[in-house]
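These are the residues of each chain, in order.
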There are 2 protein chains.
Amino acid sequence: MAQQGILRFRHLLTPDGMVHDRQVIVGADGRIKRVEPADGGPWDGWLSLPGMPNAHSHVFQRALAGYGEARVSGEDSFWSWREAMYRVAARITPEQLHDIALHGFIDMLRAGFTSVAEFHYLHHLPDGSRSTAMAEAVIEAAKAAGIRLRLLPVAYFHSGFGMQPPLEGQKRFVHRDIDEFLRLLEQLADACPGIAPHSLRAVPAQWLNDLVRGAGEILGDAFPVHIHIAEQQREVEDCLAAHGRTPMRLLADAVDLDARWQLVHATHASNEEIDTIAAHGAGVVICPITEAYLGDGLFNAVRFRERGGSLAIGSDSNCRIDAFEELRLLEYGQRLREQRRARLGTGKGLGAPLWLHSVAAGANALVMPCHGIAPGEYADFVVINETADALAGHAADSALDALVINGSRNDVSAVYVAGRRVIDNGQHSLQGRARDSFHEVVRALITA
Amino acid sequence: MAQQGILRFRHLLTPDGMVHDRQVIVGADGRIKRVEPADGGPWDGWLSLPGMPNAHSHVFQRALAGYGEARVSGEDSFWSWREAMYRVAARITPEQLHDIALHGFIDMLRAGFTSVAEFHYLHHLPDGSRSTAMAEAVIEAAKAAGIRLRLLPVAYFHSGFGMQPPLEGQKRFVHRDIDEFLRLLEQLADACPGIAPHSLRAVPAQWLNDLVRGAGEILGDAFPVHIHIAEQQREVEDCLAAHGRTPMRLLADAVDLDARWQLVHATHASNEEIDTIAAHGAGVVICPITEAYLGDGLFNAVRFRERGGSLAIGSDSNCRIDAFEELRLLEYGQRLREQRRARLGTGKGLGAPLWLHSVAAGANALVMPCHGIAPGEYADFVVINETADALAGHAADSALDALVINGSRNDVSAVYVAGRRVIDNGQHSLQGRARDSFHEVVRALITA
């Protein structure tokens, strides 16, 4: 649904920095043909940023935002939250998933995300029977919303290190073996999939090479491999107990880490492990809002970036979806870790380098041409008006710093995906209906 | 400018919890006469929360939001930021301060804050000459915006422990002695002042009792005493070096800590010190967004609340003004400290207990009757529409959890201060003009 045409912006954040009074020529394939001085036609917006890839999402968890916050005991943790999440996961139908995903994807677009890697483990029907209906619900919702989807079917076999049998709450996620998982992948081959071995708890390290090789026979070469790793201290401890090595070490020993590998969270990676990831060119996907929401901890992002690491962002649990707040919390988490200021910026400021890096890293993580506003990349734009609340007192040269420190999703005026305007005046054309359906599904799933 | 009348809400968050279909009778003094079942007249809003007191603000620092974010060296810190702040403070005129404050106070109202404790240290004119013009600029701006002001003239004498002489950058803040400070306080006695000894760096501990006694002779009994304390590790270390005690210990030994004392930040208070503060009934004012922005660190709020401590919130540097995001970051900071979930809520959830406590603690900190929606308190309301983005999937019973996890200033529909509507449809009547003036002042002060 791309649209050929010309889009004119007063200010444009390109990989080389801010340029002014430009027009972008968009081809019929939705990609940028060239960026050139504007021809005097009407402006399509004041400031255009490259659309942000959302490199890690479980969209169905959007239904849980604002639920499960009562303090049950002093020991509330990731693991008690996971039980609540499993209760929802056990019941959700394909139709309900579609409605949650449509609302969630619209929420992402309004928040500055123009593509999404959906880490999809809700495979089977509620009774456990095999079907592609759940994945198709996600695919259809992304199409209807107009967000670009990288579907990551999750490989999930066990409930813990040492090949522990799956829990009842995991029965919709699990496949018997690699072959059964690959049959699903084959059925979804037209839907732009990659693969996501869930974690080393769920997939034995020694199965990973067979899994990736099998996926390669179906998908060719250009697909990403995402894995949850070292999100929780307990995961690190359990892995040490079972294998005498940390999960990061176990992974690095088992596979040939390279740029296709995306390590989601990596919260408790040691300094040495961070250096190893960066040296191999594997990426890290950090999800600052969710990692705070779940009390995971703070990844040493400063070190990873200083080693040249590629650091993408993801909205993960979708408890709050906001590309600006994700970057703010990413930067502030580092400030709190080190009790210093100005951690992830450069001499050129904080916001522009951080936004540009996160976009390019996100495109790497999705293996998609949406690295920024340059020829050959998708025409994905997030447009900010001069009148945005965060920009009081600012001109274009400091706008990105103002947006990361003081901005939010509500400063987004328009959003384009592959040259097509999907958000106008902050709104999506399906927003009202999608909200009503979402509301009904949440009431049925959670509060009924 | 109070307004007698009846305000009707579908849902009302009272100190006893959520009630439904109520009307609030507001007296000519702007206070609540009673809350009773609604009489069938038109609704004034869907959900009404008590207005949040902003217990710590330096409003002029709003001009710095989004500036000074370049990474100059690996050592960027609170202290390098303070130099940038001093450069602005040295130049600002009363007219410029008025324009920044008007914009800032409007920003606070739109963000859910209905009263503000302004920790005001910009006393003298740029050339150092004595005047009340700077304080009057703040007072006038608060009146024009319609926010309730508690002005806290700051007592500031020295630049460091051991009575070090003030720095050039502090010349507009400092008085020669207590008497000179008290003469200013006398001149401002009609403007609802309290006092704020800046910190133990700026006011010797052995001067505090004279200062408070002198202020009492001017202000009577009902005024608050606010002090910055233990915000930075270096402050703790310098105090240990100079006095052999931490700042918290030095303070607790020097004065009779009681409920009038509000300890701002207290970031690096030890567990024992936290217990001491709580046992004395002194309050703590935490500023989560600014404390992250400046890389201060994380106060042990869980312990302080478990000991019965009164914990108010403040927007401090005003780099981002949002009562919802402050509470989210307060809770998330605790989750990250402890690697647990659900820290500051109760069995009744997170948002409602946290909002209610912060309102009551804020009223304590301001020494003002704005403790919540109950007879005798000011009729300060923050109204949220059913259609707010954060409330998709939620009814009134879980609305506060949804707002703290997934809400923002942009979910505020209307705001009332003392019964008068100052924000309507998210907007303030002076907003456009105030923004334009603010923009000009910032350009002149910072980027010119």
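Every value quoted in this text rests on a predicted model; they were computed, and no experiment measured them. (Residues numbered from 1 in each chain as written. Chains lettered and ligands numbered in written order. Predicted model: local features only at pLDDT ≥ 70, side-chain atom pairs only at ≥ 80, totals over all residues. Heavy atoms only, no water.)

K.L.:
In this structure, what is going on with the overall build of chain A? I would like to understand it.
P.N.:
On a plain count of helices and strands, chain A comes out with 14 helices and 15 strands. In terms of C-alpha radius of gyration, chain A reaches 21 Å, essentially the compact-globule figure of 22 Å for 448 residues. Sorting the 448 residues of chain A into buried and exposed places 66% on the buried side. Taking contacts inside chain A between residues at least 6 apart in sequence as the whole, the part at least 24 apart equals 75%. Carbon and sulfur atoms make up 47% of the accessible area of chain A, which amounts to about 14700 Å² in all. (Helix = DSSP H or I, 4+ residues; strand = E, 2+ residues; numbered from the N terminus. Rg over C-alpha atoms; globule rule 2.2 N^0.38 Å. Buried < 20%, exposed > 50% of the residue type's maximum accessible area, 1.4 Å probe, protein only. Contact = heavy atoms within 4.5 Å. Areas by Shrake-Rupley, 256 points an atom, 1.4 Å probe, with all protein chains shown as cover.)

K.L.:
What exactly am I supposed to notice about the nonpolar core here?
P.N.:
General note: in soluble globular proteins, nonpolar side chains tend to be found buried as a group. The biggest cluster of nonpolar side chains holds 313 residues, and the ones touching the most others in it are F105(A), W261(A), F105(B) and W261(B). Setting aside residues no more than four positions away along its own chain, W261(B) makes contact with L208(B), V212(B), V225(B), I227(B), L251(B), V255(B), D256(B), A282(B) and G283(B). (Core = buried A, V, L, I, M, F, W, Y, C linked by side-chain atoms within 4.5 Å.)

K.L.:
Hey, could you run me through the side chain of H228(B) in this one?
P.N.:
Residues and elements named next belong to chain B. Mapped onto the secondary structure, H228 falls in strand β9 (residues 225-229). At 3.1 Å, the side chain of H228 forms a polar contact with the side chain of H56. Of the polar contacts made by the side chain of H228, one reaches the side chain of H58; its length is 3.4 Å. Setting aside residues no more than four positions away along its own chain, H228 makes contact with H56, H58, F119, P197, H198, S199, L200, E235, V264 and H265. (Polar contact = N/O pair within 3.5 Å; in protein donor to acceptor, adjacent residues only side chain to side chain.)

K.L.:
Before we go on, may I ask you to explain unusual backbone geometry in this structure?
P.N.:
Negative phi characterises most residues that are not glycine, and trans characterises most peptide bonds. Residues and elements named next belong to chain A. Phi angles above zero are rare outside glycine, and D316 is one such case at about 45 degrees. The residue D316 is located in the loop between β12 (310-313) and α11 (323-338) in this model. You will see that V367, though not glycine, has its phi angle at about 50 degrees, which is positive. By the secondary structure assignment, V367 is in the loop between α12 (351-366) and β13 (381-384). Given a relative accessible area of 30%, V367 falls into the partly exposed group.

K.L.:
So what exactly am I meant to see when it comes to the interface of chain B and chain A here?
P.N.:
Many authors give the size of an interface as the accessible area that is lost as the parts come together. Listed per partner, the contact involves 72 residues of chain B and 72 residues of chain A. Around 5800 Å² of area is buried between chain B and chain A when both sides are counted, 46% of it from carbon and sulfur atoms. Seen at the junction of chain B and chain A, the total is 12 salt bridges. Across the pair E325(B) and R328(A) runs a salt bridge, and its minimum N-O distance is 3.0 Å. Counting across the chain B and chain A interface gives 42 residue pairs in polar contact (both at pLDDT 80 or more). Counting only elements with at least two residues in the side of chain B that touches chain A, the list comes to α1 (78-91), α2 (94-110), α9 (288-293), α10 (301-306), α11 (323-338), α13 (399-406) and α14 (431-447) of chain B. Residue contributions to the side of chain B that touches chain A peak at 6 residues, all from α11(B). (Buried area = accessible area lost by both parts, 1.4 Å probe. Salt bridge = Lys/Arg side-chain N within 4 Å of Asp/Glu carboxyl O.)

K.L.:
Is there a simple way to think about the packing of α12(A) against helix α13 (residues 399-406) of chain A in this case?
P.N.:
In a pair of packed helices, the angle between the axes and the distance between the axes together describe the arrangement. Residues and elements named next belong to chain A. It is at 7 Å that the axes of α12 and α13 come closest, and there the two elements cross at 80 degrees. Classified by the interaxial angle, the pair formed by α12 and α13 is roughly perpendicular. For the pair formed by α12 and α13, the contact residues are G351, A352 and W355 on the first element and L400, D401 and V404 on the second. Classifying every residue of the contact of α12 with α13 by side-chain character gives 4 nonpolar, 1 polar and 1 charged. (Axes fitted to C-alpha atoms, helices over the stretch in contact; angles between N-to-C directions. Parallel < 35°, antiparallel > 145°, perpendicular 65-115°, else oblique. Nonpolar A, V, L, I, M, F, W, Y, C, P; charged D, E, K, R; others polar.)

K.L.:
What is the right way to read the pairing of strand β15 (residues 420-423) of chain A from this model?
P.N.:
Side-chain positions along a regular strand alternate between the two faces of the sheet. All names here are of chain A. Of the pairings in the sheet, the one linking strand β14 (residues 412-417) to β15 comprises 3 bridges and is antiparallel in character. Following the sheet pairing, V415 is matched in β15 by I423. In sequence, β14 turns back onto β15 through a hairpin of 2 residues, with A418 there showing a positive phi of about 50 degrees. (Pairing = 2+ DSSP bridges.)

K.L.:
Would you explain the packing of aromatic side chains in this entry?
P.N.:
Residue and element names in this part refer to chain A. One pass over the structure, following the stated rule, counts 28 aromatic pairs over all chains. Both rings, one in F324 and one in W355, keep their centres 5.0 Å apart while their planes meet at 25 degrees; by these two values the pair is stacked. In this pair, F324 sits in helix α11 while W355 sits in helix α12, placing the two residues 31 residues apart along the sequence. Since its relative accessible area comes to 0%, W355 is described here as buried. (Phe/Tyr/Trp six-rings, centres within 6.5 Å; stacked < 30°, edge-to-face > 60°.)

K.L.:
What is the right way to read the layout of surface pockets from this model?
P.N.:
Leftover empty space is mapped by rolling, across the atoms, a probe with the size of a water molecule. For the second largest pocket, the calculated volume is near 1000 Å³. Considering the residues around the second largest pocket, the lining is formed by 47 residues, among which T346(A), K348(A), G349(A), D401(A) and A70(B) are closest to the centre. Of all elements in the fold, only β2 (17-26), α10 (301-306), α12 and α13 of chain A together with α1 and α14 of chain B reach the threshold of two or more residues within the lining of the second largest pocket. In terms of residue class, the lining of the second largest pocket is made up of 22 nonpolar, 11 polar and 14 charged. (1 Å grid on protein atoms, 1.4 Å probe; cavity = no way out; pocket = protein on both sides within 12 Å on 5 of 7 lines; lining within 4 Å. Points joined across faces, edges and corners; volume = space filled by probe spheres on them.)

K.L.:
When you look at the pairing of β2(A) in this model, what are you seeing that I'm missing?
P.N.:
All names here are of chain A. When strand β1 (residues 5-14) meets β2, the two strands line up antiparallel, connected through 9 bridges. Its bridge partner being in β2, T14 is matched across the sheet by G17. Adjacent in sequence and paired antiparallel, β1 and β2 are bridged by 2 residues. Pairing geometry for β2 and strand β3 (residues 32-37), over 5 bridges, is antiparallel. Paired with R22 across the strands is P37, a residue of β3.

K.L.:
Even after reading the chapter, I still don't get the relation of the copies chain B and chain A, so can you show me in this structure?
P.N.:
For the pair of chain copies, the relating transformation is a rotation about an axis with a translation along it. Overlaying chain B on chain A yields an RMSD of 0.0 Å, the required transformation being a rotation through 180 degrees with an accompanying axial translation of 0.0 Å. Those values place the two copies in the arrangement expected of a two-fold rotation axis. The position closest to the rotation axis in chain B is occupied by the C-alpha of N410(B), lying 3.5 Å away. Comparing contact sets, 100% of the residues at the interface of chain B also lie at the interface in chain A, consistent with an isologous, same-surface contact. (Least-squares fit on C-alpha atoms with pLDDT ≥ 70 in both.)

K.L.:
Could you clarify how one ought to interpret the sheet that holds strand β3 (residues 32-37) of chain B in this entry?
P.N.:
The strands that make up a sheet pair up through hydrogen bonds in the backbone, lying either parallel or antiparallel. Residues and elements named next belong to chain B. Reading across from one edge, β3-β2-β1-β4-β13-β14-β15 is the order of the 7 strands in this open sheet, with mixed pairing throughout. With partners counted over all chains shown, the strands left at the sheet margins are β3 and β15 (420-423), one partner each. Strand-to-strand twist of the sheet, defined as the mean angle between neighbouring strand axes without regard to direction, takes the value 40 degrees. Two strands pair when backbone bridges link them, and strand β13 (residues 381-384) and strand β14 (residues 412-417) are joined in this way by 4 bridges, in the antiparallel orientation. Bridge assignment links I384 to a residue of β14, and that residue is V412.

By themselves, these figures tell us nothing about what the structure is for.
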